[in-house]
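Listed here are the chains, written in short residue letters.
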Amino acid sequence: MNIRLLFFVLIFPILIFPQKGNTYKIRTIAFYNLENLFDIENDSLTHDDDRTPAGKDRWTEERYLHKIANMAKVISEIGKVKGSSSPDILGVCEVENRKVIEDLVHHKTLEKMNYRIVHFDSPDERGIDVALIYKESVFLPTSFQSRRLLLHKEDGYRDYTRDQLVVGGLLDNEQIYCIVNHWPSRSGGEARSRPNRLAAATLNKKIIDSIIKIDRSAKIISMGDLNDDPTDDSLKKILKTKGKKKKLETNDLFNPMEKLYKKGIGSLAYRDKWNLFDQIYFTSNLLNNDSGYHFWKANVFTPPYLFSKKGRYKGYPYRTYAGGNYTGGYSDHFPVYLYLIKSAE
């Protein structure tokens, strides 16, 4: 496979110097698809039979704990900067329940970060949810709700999928809103499944608009595995995201991942093609550096150990299962992250 990606990891101290004479405080916002983080118990209400000790995947306690350790390692290093540690706010998806998230944040690699959780059970048929993880010392949630995405199949029956999680709170005493997404997959083909993602984008737009209606100056960050690239209709026609700062108007949505995608950078690979389904975009006022936190940089987190080193999937994300076989890797997605900075007092 002859695919070469120009990924890089930025390393900066907590007080950085992007411009001569100025010092800034930095916070990291990230998103990570944890690729089927299931416990080993059989839930009679969801299709989780494969992820049990007797199921097709032979999902044992040993494999589960190994997966938890792997996920904790990655999270502890996403966007890591000198003088700080893991993400301050992290959206995750493909988690089965609150228990697996608690096992994750209480792992010895992460427990000192004092992460807290915002999570609701979604009606997804596979039993996978989204959640927000945050450092208690940095972020204080003041509101949270789970917004349901109502979809129907061709026969008229409900197509159960993930909710969109909306969390408002104080980031170092500054109001900010985060939305965590996991939009419908491309199962059955991109074109056939596209209406479901357009519906997800429409819901996301309604959520953002409803927040702005209450607070015109609201700083809103939406993140997730969208199962669409930054240039697809869901982003460009429904959410009307823009990838160039000079074209932004008040309350437009800026998507820094669009520039990365056009450079050939991706967060997952399929049939020798890279996609950037994992994205973080936000309201244009987060580009205003006059006061408070504002956007600095965004990237995909790709340390060498997250790549498969051999076999059919060499160069792809090193995942837990590949070709139906257990490989003991991490996830089929790379994490994405961005930095927010503000002038240090």
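Each remark here, short or long, concerns the structure printed above.
Each chain carries its own residue numbering, running from 1 in the written order of its sequence. Local features in a predicted model are, by the rule used here, given only for residues with pLDDT of at least 70; side-chain atom pairs are given and counted only at 80 or more, and totals for whole chains, interfaces and linings are based on all residues. Excluding hydrogens and water, the side-chain values take into account all heavy atoms of the structure.

Peer 1: Teacher, can you tell me more about the nonpolar core here?
Peer 2: Nonpolar cores are built from buried Ala, Val, Leu, Ile, Met, Phe, Trp, Tyr and Cys residues. Side-chain atoms within 4.5 Å join them into one set. The cut-offs for exposure are 20% and 50% of the maximum accessible area for each residue type, with area from a 1.4 Å probe on protein chains only; residues under the lower value are buried, those over the upper are exposed, and the others partly exposed. Tyr32, Ile78, Leu104, Leu132, Ile221 and Leu340 are the most contacted members of the largest nonpolar core, which has 78 residues in total. In what follows, residue pairs with any heavy atoms lying within 4.5 Å of each other are defined as contacts. Apart from residues lying up to four places away in sequence, Leu104 is in contact with Leu34, Ile68, Met71, Ala72, Ile75, Leu110 and Ile133. Of all hydrophobic cores here, the second largest spans 20 residues; its members include Leu151, Tyr177, Ile212 and Ala218.

Peer 1: Honestly, the pattern of salt bridges in this entry has me stumped. Any pointers?
Peer 2: Think of it this way: side chains of opposite charge can pair up when their charged atoms draw near. Definition used for salt bridges: Asp or Glu carboxyl oxygen within 4 Å of a side-chain nitrogen of Lys or Arg. Across all of its chains, the model carries 28 salt bridges by this definition. One salt bridge connects Lys73 with Glu77, and the closest N-O pair in it is separated by 3.4 Å. Of this pair, Lys73 and Glu77 both sit in helix H1 (residues 61-77), four residues apart, roughly one helical turn. A salt bridge links Arg186 to Asp228, with the nearest nitrogen and oxygen atoms 2.9 Å apart. Taken together, the positions of Arg186 in the loop between strand E8 (174-182) and helix H3 (190-214) and Asp228 in the loop between strand E9 (220-225) and helix H4 (233-238) put the pair 42 residues apart, joining distant regions of the chain. Taking the relative accessible area as the measure of exposure, Arg186 reaches 24% and is therefore partly exposed. Within this structure, Arg186, Glu190, Arg194, Arg197, Asp228 and Asp232 form a network of salt bridges that share partners. Each helix corresponds to a stretch of at least 4 residues labelled H or I by DSSP, and each strand to a stretch of at least 2 residues labelled E; elements are numbered beginning at the N terminus.

Peer 1: Would you mind going over the sheet that holds strand E7 (residues 164-171) with me for this structure?
Peer 2: Sheet strands pair by backbone hydrogen bonding; their relative direction is either parallel or antiparallel. What makes two strands pair is DSSP finding at least two bridges between them. The sheet built from seven strands is open, its strands ordered E6-E7-E8-E9-E14-E11-E10 with mixed pairing. Edge positions in the open sheet fall to strand E6 (139-147) and strand E10 (241-242), since each of these has one partner strand only. All axes are obtained by fitting lines to C-alpha atoms, using only the stretch in contact for helices, and the reported angles, taken between N-to-C directions, cover 0 to 180 degrees. Across the face of the sheet, H3 comes into contact with E6, E7, E8, E9, strand E11 (253-254) and strand E14 (278-283) while running at roughly 30° to E7.

Peer 1: What am I meant to see in the state of the cysteines here?
Peer 2: In a disulfide, the sulfur atoms of two cysteines are covalently bonded to one another. Only a pair of cysteine sulfur atoms within 2.5 Å counts as a disulfide in this structure description. Scanning the model with the defined rule gives zero disulfides in all. Cysteine Cys178 is unpaired, with the sulfur of Cys93 as its nearest cysteine sulfur at 15 Å. The exposure class of Cys178 is buried, given its relative accessible area of 1%.

Peer 1: How should I be thinking about a positive patch on the surface in this particular structure?
Peer 2: For patch building, the residue pool is restricted to those with more than 30% relative accessible area and no salt bridge; the joining distance is 9 Å between like charges and 5 Å between nonpolar side chains (Val, Leu, Ile, Met, Phe, Trp, Tyr). For accessible areas, the Shrake-Rupley method is used with a probe of radius 1.4 Å. Any residue's cover is judged against the shown protein chains and nothing else. Positive charges come from Lys and Arg, negative ones from Asp and Glu, while His and the chain ends are left out of the count. Where a charge sits is defined by one atom per residue type, namely NZ (Lys), CZ (Arg), CG (Asp) or CD (Glu). Together, Lys245, Lys259, Lys263 and Lys297 line one region of the surface with positive charge. Summarising the element assignment, Lys259 is placed in helix H5 (residues 257-262). Owing to a relative accessible area of 54%, Lys259 belongs among the exposed residues under this scheme.

Peer 1: Please clarify how the packing of aromatic side chains should be interpreted in this entry.
Peer 2: Geometrically, a pair of aromatic rings is defined through the distance of the ring centres and the angle of the planes. Pairing of aromatic rings covers Phe, Tyr and Trp, the last through its six-membered ring, and needs centres within 6.5 Å; plane angles under 30 degrees mean stacked, over 60 mean edge-to-face, and all others mean tilted. Evaluated as defined, the whole model comprises 14 aromatic pairs. Consider the rings of Phe120 and Phe144, whose centres lie 6.3 Å apart with planes at 50°: the pair is tilted. Placement of Phe120 in the loop between strand E4 (115-119) and strand E5 (129-135) and of Phe144 in strand E6 is noted, with a sequence separation of 24 residues between them. In this structure Phe120 comes out as partly exposed when scored by relative accessible area, which is 30%. Among the aromatic residues, ring-to-ring pairing joins Trp59, Tyr321 and Tyr326 into one connected group. It is Arg63 that lies over the ring of Tyr326; its NZ or CZ is 4.1 Å from the centre. In this structure, Lys73 packs its charged tip against the face of Tyr305, placed 4.4 Å from the ring centre. Note on geometry: a ring has a charge over it if NZ (lysine) or CZ (arginine) is within 6 Å of the ring centre and within 35 degrees of the ring normal.

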